[in-house]
Amino acid sequence: MSGQDEFMSRIAEAIDRSQRGDREVARQLFADIWKDLTPRGEPFHRCTLAHYMADVQDDPHEELLWDLRALDAAEQLTEERARAFQPSLHLNLAEDYRKLGDLARAKEHVARAEAAADALDEDGYGRMIRAGIERLARQLG
């Protein structure tokens, strides 16, 4: 198995553990992969890992840190798939900032998510992200 496939397999395993509710094990798996992945790691892998690592954080400051890492990695991607990450990443950051009481930054990231939403497909995922952006925009006024 190539190094690239190995990282995606390990990330997928950690995501699976997270989705089955085993957040602590998922956090540890993600942390172990992150050590092996950075700083030489492929931006796509770093973005994916950080995006899902944020979801298993209990501390909103840690969640923000991981979401910022995901955005940083996504901004290093040159492929079209990077565009599709932007709405979700900015939505997550907006929610992080809302939780932390920084409403100005939350609104900024909602606006960035709205601006990037044209990259979303007209499928279930796209509709879910658009609905999340709309909900948070209404909530923030």
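Scroll up for the structure.
Residues numbered from 1 in each chain as written. Predicted model: local features only at pLDDT ≥ 70, side-chain atom pairs only at ≥ 80, totals over all residues. Heavy atoms only, no water.

**Digging into the overall build of the protein**
What counts here: Secondary structure elements follow DSSP: runs of H or I no shorter than four residues count as helices, runs of E no shorter than two count as strands, and numbering proceeds from the N terminus. Values of the radius of gyration come from C-alpha atoms, whereas the globule rule sets the reference at 2.2 Å times the count of residues to the power 0.38. For every residue, the accessible area obtained with a 1.4 Å probe (protein chains only) is divided by the maximum for its type, and the residue is called buried under 20%, exposed over 50%, and partly exposed between those limits. Residue contacts are counted whenever heavy atoms from the two residues lie within 4.5 Å of one another. Under the convention used here, a 1.4 Å probe and the Shrake-Rupley method define accessible areas, while residue burial counts only the protein chains that appear. All tallies of charge rest on Lys and Arg as positive and Asp and Glu as negative; His and the ends of each chain are not included. A single reference atom marks each charge: NZ on Lys, CZ on Arg, CG on Asp, CD on Glu.
Helix and strand content of the protein: seven helices and zero strands. Ordering the α and β elements of the protein from the N terminus gives α-α-α-α-α-α-α. For a compact globule of 141 residues, the expected C-alpha radius of gyration is about 14 Å, and the protein comes in at 15 Å, within 12% of that figure. By principal-axis analysis of the C-alpha atoms, the protein measures approximately 45 × 30 × 25 Å. With 141 residues in all, the protein has 45% of them scored as buried. Counting only contacts in the protein whose residues sit at least 6 apart along the sequence, the fraction spanning at least 24 positions is 56%. For the protein, the exposed area adds up to about 7600 Å²; of that, 49% sits on carbon and sulfur atoms. Positive and negative side-chain charges in the protein, numbering 20 and 29 respectively, have mean positions lying 2 Å apart.

**Quick notes on the side chain of H51**
Its location among the elements puts H51 in helix α3 (residues 43-55). Sequence-distant contacts of H51, that is, excluding residues within four places in its chain, are made with D67, A70, S88, L89 and N92.

**With respect to the side chain of N92**
Position of N92 among the secondary structure elements: in helix α5 (residues 80-99). The class of N92 is buried, set by a relative accessible area of 18%. In this structure N92 touches H51 and D67, once residues within four positions along its chain are discounted.

**Re α5**
An α-helix turns once every 3.6 residues. As a result, residues three or four positions apart point the same way. Just so we agree on the cut-off: Helix span, expected: 1.5 Å multiplied by one less than the number of residues in the helix.
Compared with the 28 Å implied by 1.5 Å per residue over 20 residues, the 30 Å span of α5 between its first and last C-alpha is a close match. Most of α5 sits out of view: 14 of its 20 residues are buried. Just beyond α5, the residue with positive phi is G101, at close to 85°.

**Some words on the layout of surface pockets**
Selection criterion: Cavities and pockets were defined on a 1 Å grid built over protein atoms only: a cavity is a set of grid points that admits a 1.4 Å probe from which the probe cannot escape, a pocket is an open set flanked by protein on both sides within 12 Å along at least five of seven lines, and lining residues are those with an atom within 4 Å of any such point. Grid points are joined across faces, edges and corners, and a volume is the space filled by probe spheres set on the points. When residues are grouped by polarity, Ala, Val, Leu, Ile, Met, Phe, Trp, Tyr, Cys and Pro land in nonpolar, Asp, Glu, Lys and Arg in charged, and all others, Gly among them, in polar.
One number sums up the size of the largest pocket: a volume of about 250 Å³. Every residue lining the largest pocket is counted, 16 residues in all, and those nearest its centre are D55, S88, L91, N92 and I129. Elements supplying a minimum of two residues to the lining of the largest pocket: α3, α4 (60-75), α5 and α7 (124-140). Considering each element in turn, the lining of the largest pocket owes the most residues, six residues, to α5. Its residues placed into classes, the lining of the largest pocket shows five nonpolar, four polar and seven charged.

**Some thoughts on the packing of aromatic side chains**
Applicable threshold: Under the pairing criterion, centres of Phe, Tyr and Trp rings, with the six-membered ring standing for Trp, must be within 6.5 Å; the plane angle then separates stacked pairs below 30 degrees from edge-to-face pairs above 60, leaving the rest tilted. Ring-over charges, as used throughout, are those where CZ of Arg or NZ of Lys falls within 6 Å of the ring centre and within 35 degrees of the ring normal.
The tally for this structure, following the rule as stated, stands at two aromatic pairs. Where F44 meets F85, the ring centres are 5.8 Å apart and the plane angle is 45°; that geometry is what we call tilted. With F44 in helix α3 and F85 in helix α5, the pair connects residues that are 41 residues apart, well separated along the chain. Overall, the relative accessible area of 18% leaves F85 in the buried class. Here the guanidinium or amino end of R69 rests over the ring plane of W66, the centre of that ring lying 4.2 Å away.

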